[in-house]
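In case you want the letters, here they are:
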Amino acid sequence: MDKWMLIDGNSIIYRAFFAMPPLTNSAGLHTNAVFGFTTMLLKLLADEKPTHVLVAFDAGKATFRHEGYTEYKGGREKTPTELSEQFPVLKELLSAFGIAQYELSGYEADDIIGTLTKMADESKVETLVITGDKDMLQLASEHVTVAITRKGISEVEPYSPAAIQERYGLKPLQIIDLKGLMGDASDNIPGIPGVGEKTALKMLHEFGSVEEVLAHTDSLKGKMKEKVEEHKESAIMSKKLATIYREVPLDKGADEIRYAGYEDAALAEAFRKLEFKSLIERLDLGSAGSGGSEKEAAEAAAELKVAVIAGEDDADTLRALLDDLSGEEAAKKSAEGDAAVEADAISHGFYVEAIGDNPHHAEVIGMAIAVGEQVYVIAADAVKQPFAEPLRKWLADADKPKYGFDTHKAELALGWNGIVFNGAVFDVQLAAYLLDPTDASLTLSGMSQRYGLTAIAADEAVYGKGAKFRVPDAETLNRHLAVKAAAVQRIAKHQQGDLEKSGMSKLYYELEQPLSRVLAAMEQQGIQVESAELERLGSELERNLSQIMSDIYRHAGMEFNINSTKQLGDVLFEKLGLPVMKKTKTGYSTDAEVLERLEPYHEIVPLILLYRSLAKLQSTYVEGLLKEIRQETGKIHTYYRQTIAATGRLSSQFPNLQNIPIRLEEGRKIRKAFVPSEPGWYILAADYSQIELRVLAHISGDERLKEAFIQDMDIHTKTAMDVFGVTAEQVDSNMRRSAKAVNFGIVYGISDFGLSQNLNITRKEAGAFIAQYFEVFQGVRKYMDDIVAQARQDGYVTTLLERRRYLPDIKASNFNIRSFAERTAMNTPIQGTAADIIKLAMVRMDETLRERKLKSRMLLQVHDELVFEVPEDELELMKELVPTVMAGALKLDVPLKADVNYGVNWYEAK
DNA sequence: GCAATCACG
DNA sequence: ACGTACGTGATTGCT
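An unreviewed UniProt entry annotates chain A as DNA polymerase I originating from Paenibacillus radicis. Listed under Sequence similarities (unreviewed entry) in UniProt, the entry text for chain A is "Belongs to the DNA polymerase type-A family." Listed under Subunit (unreviewed entry) in UniProt, the entry text for chain A is "Single-chain monomer with multiple functions."

S.K.: When you look at the overall build of chain A in this model, what are you seeing that I'm missing?
M.R.: On a plain count of helices and strands, chain A comes out with 39 helices and 23 strands. For chain A, the residues scored as buried account for 52% of the 910 residues in total. Of the contacts made within chain A by residues no fewer than 6 positions apart, 67% connect residues no fewer than 24 positions apart. Looking at chain A as shown, the accessible area adds up to about 41700 Å², and 50% of this sits on carbon and sulfur atoms. Distance between charge centres in chain A, computed from 106 positive and 138 negative side chains, equals 2 Å.

S.K.: Looking at this structure, how should I read the packing of aromatic side chains?
M.R.: Remark: the centre distance and the inter-plane angle together describe each pair of aromatic rings, the angle taken between the planes. A full pass over the atoms with the stated rule returns 23 aromatic pairs. Aromatic side chains phenylalanine 97 and phenylalanine 271 sit 6.3 Å apart centroid to centroid with 75° between the ring planes, which places their arrangement in the edge-to-face category. Taken as a pair, phenylalanine 97 in helix α5 (residues 86-97) and phenylalanine 271 in helix α13 (residues 264-274) lie far apart in primary sequence, 174 residues in all. No difference in accessibility class separates phenylalanine 97 from phenylalanine 271, as the two residues are buried. Taken together, a centroid distance of 5.0 Å and an interplanar angle of 85° make the contact between tyrosine 508 and tyrosine 509 edge-to-face. Cluster of aromatic residues (ring-pair linked, three or more members): Phe35, Phe97, Tyr262, Phe271 and Phe276. Lying across the ring of tryptophan 394, lysine 402 places its NZ or CZ 4.8 Å from the centre. It is arginine 823 that lies over the ring of phenylalanine 820; its NZ or CZ is 5.6 Å from the centre.

S.K.: Hey, could you run me through empty space enclosed by the protein in this one?
M.R.: For the structure shown, the criterion picks out 7 cavities of 30 Å³ or more. Estimates place the volume of the largest cavity at around 110 Å³. In terms of lining, the largest cavity is formed by Asp406, Thr407, His408, Asp427, Gln429, Leu430, Ser516, Tyr639, Tyr640, Arg641, Gln642 and Thr643. When residues of the lining of the largest cavity are assigned to their parent elements, the largest contribution, 3 residues, is made by strand β15 (residues 639-641). Of the residues in the lining of the largest cavity, the class split is 3 nonpolar, 6 polar and 3 charged.

S.K.: What is the right way to read the protein's contact with DNA strand B from this model?
M.R.: Among the 23 residues in the neighbourhood of DNA strand B, the closest are listed as Thr590, Lys616, Ile662, Arg663 and Asp864. One nitrogen or oxygen atom from the main chain of isoleucine 662 is found 2.7 Å from a phosphate oxygen belonging to DNA strand B. Aspartate 864 places a polar side-chain atom, nitrogen or oxygen, 2.7 Å from a sugar or linking oxygen of DNA strand B. Here the surface near DNA strand B takes 3 residues from helix α29 (residues 604-628), the largest share from any one element. In terms of residue class, the surface near DNA strand B is made up of 7 nonpolar, 9 polar and 7 charged.

S.K.: Sorry, what's going on with the confidence of the model for chain A here?
M.R.: A low pLDDT means the predicted coordinates there should not be read in detail. Considering every residue of chain A, the mean pLDDT works out to 90; 94% of them sit at 70 or more. In the model, residues 338-343 has pLDDT below 50 throughout and makes 4 contacts with residues more than four positions away in sequence or in other chains.

S.K.: So what exactly am I meant to see when it comes to the pattern of salt bridges here?
M.R.: Close approach of charged atoms lets side chains of opposite charge pair. Scanning all chains against the criterion turns up 46 salt bridges. Between lysine 839 and glutamate 512 there is a salt bridge, and its shortest N-O distance comes to 2.8 Å. Here the residue lysine 839 occupies a position in helix α38 (residues 815-851), and glutamate 512 occupies one in helix α25 (residues 505-525), the gap between them amounting to 327 residues. Pair check on accessibility: lysine 839 and glutamate 512 agree, each one buried. Shared partners join several salt bridges into a network, and the residues in it are Glu512, Arg803, Asp836 and Lys839.

S.K.: What is the right way to look at the domain arrangement of chain A in this model?
M.R.: It is common to report an interface's size as the accessible area lost on association of the parts. Entries for chain A in the domain assignment read domain 1 (3-167 + 244-269), domain 2 (292-526), domain 3 (530-636) and domain 4 (697-832). Put simply, the middle of domain 3 and the middle of domain 4, counted by C-alpha atoms, are 35 Å apart.

S.K.: Got a minute to help me understand the layout of surface pockets in this structure?
M.R.: Over the atoms a probe the size of a water molecule is rolled, and this reveals where empty space is left. Computed from the structure, the second largest pocket encloses a volume of approximately 1800 Å³. Along the walls of the second largest pocket sit 45 residues, with Ile662, Arg663, Phe744, Val862 and Asp864 positioned nearest its centre. Classifying every residue of the lining of the second largest pocket gives 21 nonpolar, 11 polar and 13 charged. Among the domains, domain 3 (530-636) and domain 4 (697-832) are the pair contributing at least three residues each to the lining of the second largest pocket.

Cut-offs used in this document
- Residues numbered from 1 in each chain as written.
- Chains lettered and ligands numbered in written order.
- Predicted model: local features only at pLDDT ≥ 70, side-chain atom pairs only at ≥ 80, totals over all residues.
- Heavy atoms only, no water.
- UniProt positions renumbered as here; feature names shortened; annotations may be inferred.
- Helix = DSSP H or I, 4+ residues; strand = E, 2+ residues; numbered from the N terminus.
- Buried < 20%, exposed > 50% of the residue type's maximum accessible area, 1.4 Å probe, protein only.
- Contact = heavy atoms within 4.5 Å.
- Areas by Shrake-Rupley, 256 points an atom, 1.4 Å probe, with all protein chains shown as cover.
- Lys, Arg positive; Asp, Glu negative; His and termini not counted.
- Charge placed at Lys NZ, Arg CZ, Asp CG, Glu CD.
- Phe/Tyr/Trp six-rings, centres within 6.5 Å; stacked < 30°, edge-to-face > 60°.
- Lys NZ or Arg CZ within 6 Å of the ring centre and 35° of its normal.
- 1 Å grid on protein atoms, 1.4 Å probe; cavity = no way out; pocket = protein on both sides within 12 Å on 5 of 7 lines; lining within 4 Å.
- Points joined across faces, edges and corners; volume = space filled by probe spheres on them.
- Nonpolar A, V, L, I, M, F, W, Y, C, P; charged D, E, K, R; others polar.
- Near = heavy atom within 4 Å.
- Polar contact = N/O pair within 3.5 Å; in protein donor to acceptor, adjacent residues only side chain to side chain.
- pLDDT = per-residue confidence, 0-100.
- Salt bridge = Lys/Arg side-chain N within 4 Å of Asp/Glu carboxyl O.
- Domains from an automatic or database assignment.

In structure tokens:
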């Protein structure tokens with residue numbers, strides 16, 4: 001016999017939080033509510049022996065109840081962070097239990113449970129609902145019992161319909177009427193003022209429902225009559241609010257919530273991280289799970305000793321910190337040469353907290369340094385004071401190694417505050433990226449979890465997010481920073497071994513780590529941008545745009561927001577009746593591809609295309625870039641992110657300087673605003689020629705492709721010759737264009753459909769092209785087959801420098817998902833190796849400029865291009881040097897080649 | 001906060 | 001038969 005147990009997660013964790021005394025693990029993570037929840041859960045599982053369990057949560061967003069009544073749940077104290085940080089912890093723990101959990105945006109836990117009890121009623125399954133909320137009594141039925149917590153959470157009181165009758169004299173559904181009349185202060189449901197439980201029950205015993213009470217106000221007397229009549233609407237609305245919605249669109253049913261019992265190892269691991277020692281003993285999980293060395297366990301359990309350096313009164317503490325740092329270093333030196341010690345050589349963990357996504361504008365609110373279990377937290381103000389000079393010296397000293405987290409951001413944020421940072425030798429965020437570049441959240445709390453270390457609070461739980469972001473009180477903040485610095489040190493130890501195991505140590509220490517400093521220097525340098533030039537372009541665009549807008553309105557016969565795809569779709573496809581070519585999941589598609597096909601149908605279409613292109617230039621490139629220019633210097637400082645792209649490329653933010661227009665002349669003019677920062681200097685730009693196809697020639701070993709590059713032929717023309725079987729002279733522009741598209745397709749992991757779309761030909765024709773290509777370039781075909789097979793076998797692919805990307809989807813049964821992974825397997829080694837190469841060139845170039853004491857500066861990287869500013873007297877040298885360094889970055893079986901151009905601005909450097 | 005669109009390699 | 005090209009970031013409108 002099945003038995004379902006449905007738990008109101010929010011209600012129970014709240015009650016557990018307030019019922020339990022404070023409790024934290026050694027990392028300062030609050031665990032009392034999770035502990036309370038767990039003890040209750042264990043008791044229920046033992047007593048009830050359910051076959052199916054679900055814990056439902058409120059989704060953090062507004063629900064449909066707010067639509068009619070915005071004050072719903074208003075006036076509530078906001079959840080204390082000591083509790084909110086426990087939500088993700090509880091969810092993680094429930095996963096370890098193997099218990100299903102569910103939340104759905106727009107609905108509350110009540111509604112989810114209400115919907116499931118309805119399913120239970122229909123299929124006559126015995127069901128127990130666990131909650132602290134009496135409202136839910138309305139769900140009780142022949143098959144459904146609602147258990148309400150008592151005395152905190154140590155006991156529950158089950159209510160069957162009979163028990164509700166006995167206690168309240170009501171049927172389950174009349175609980176809604178009860179709430180309608182008496183309201184509920186905790187949810188800010190008003191009810192009828194002055195009517196409490198007693199009066200409400202009396203009325204319901206006489207009339208049965210809110211509606212009937214309101215219909216018989218005559219038989220009430222005096223003040224009560226007045227009140228009820230005055231608040232009729234409130235009563236009706238309150239009843240509505242108290243009604244649990246039982247039609248939630250769930251994608252969970254009996255199969256998804258089945259509970260098969262927990263696995264000892266998983267639960268033991270989860271309890272260990274939370275340091276629930278009593279529960280480990282009680283459930284006899286002591287020997288279950290792996291959980292790291294004994295030493296590590298002891299380390300993790302040891303309470304951190306936190307010393308705060310907030311002002312000059314703490315000068316002694318600061319001295320102790322520096323003593324500790326140099327002491328650890330001395331110990332390390334004496335052990336040098338002992339390979340076994342190498343992995344333990346991490347002397348400390350260093351963490352800088354900088355608030356804000358853009359490091360050039362981020363505010364440093366503190367830093368922490370962990371030396372073993374002793375952690376020093378330094379307040380932001382203290383760092384700048386005179387007594388902290390020795391600390392600033394340590395920060396600036398390139399010979400004092402630092403083991404940190406996102407030291408790239410730290411360097412920039414500190415730099416803008418006049419604090420020099422040097423000497424980063426290991427960065428756990430950067431290492432984590434190499435170990436898995438598709439990991440989207442490279443956070444310390446996530447990494448601690450992954451390595452099975454002491455669980456630490458997520459930043460979001462400590463600070464909140466979006467509009468609710470707040471820096472907590474000093475004590476909470478210091479604790480959090482201390483915990484993070486300690487985590488850095490522990491994580492780093494694991495990662496050194498992991499990097500070595502995956503063959504990425506060299507990639508890390510000789511490429512990515514040095515590159516991070518090179519990037520920071522480029523970003524701090526910035527590039528000069530002439531606002532006057534952008535403003536000139538802006539006013540020209542402004543004039544054109546207003547003319548085009550009025551033309552568009554004239555053709556449409558109405559004014560509308562052209563930027564709104566919804567409104568534009570209505571105009572094009574309903575008002576003007578143009579044929580629908582493509583749909584998006586929300587409506588008509590109006591993208592450039594569709595509009596280009598619609599051009600012959602109506603004069604408005606080309607105008608819209610023109611409007612779109614100019615509006616893009618105006619908003620993103622003129623207005624957007626103007627906002628990013630620093631008034632003091634006239635420079636733009638982008639931020640290159642080294643831990644985002646799955647292939648190993650960089651990305652650029654605030655603003656993105658890797659997508660400045662170039663393909664169309666109107667847009668290309670934006671580049672005129674990018675100028676040297678010193679009079680008489682030049683902008684010099686060098687780009688790799690066909691780097692991805694050269695890389696492909698190398699890794700595939702395809703003789704024909706290699707030969708083409710050894711001869712330095714025009715690769716698209718050569719491809720056309722070989723695919724079409726013609727001479728160079730016979731290749732017309734159309735053939736070359738097709739060959740170029742095929743080459744692109746090859747790099748992306750080709751499909752006949754993709755190529756047919758790109759070339760506007762049939763799939764069959766595209767398929768024939770591809771077949772012909774592979775016939776000629778058989779080495780490439782073999783590479784494509786082999787790399788997919790290799791990905792299937794290893795679960796990952798690598799670049800020439802051993803950069804790795806995991807492809808779990810390569811074995812998916814879904815054709816689409818699997819195909820995507822296969823194309824990724826083909827593309828990543830190519831795109832990734834090209835990224836490796838230009839990164840090598842950047843590190844070399846930086847060294848070269850330094851060694852030769854040149855004044856020229858590297859400013860930008862655009863995937864296959866490097867941009868410099870160069871004084872006149874170095875121009876001739878740099879024209880040689882840059883392409884030479886770029887071409888020599890890595891030795892391949894085909895030559896690498898870089899072209900160089902220069903001019904008085906970026907536009908002219910073509 | 002997400003979807004659609006478009007800028008780049 | 002399935003329905004796609006690979007990798008990014010910024011802006012806008014809308015829920």
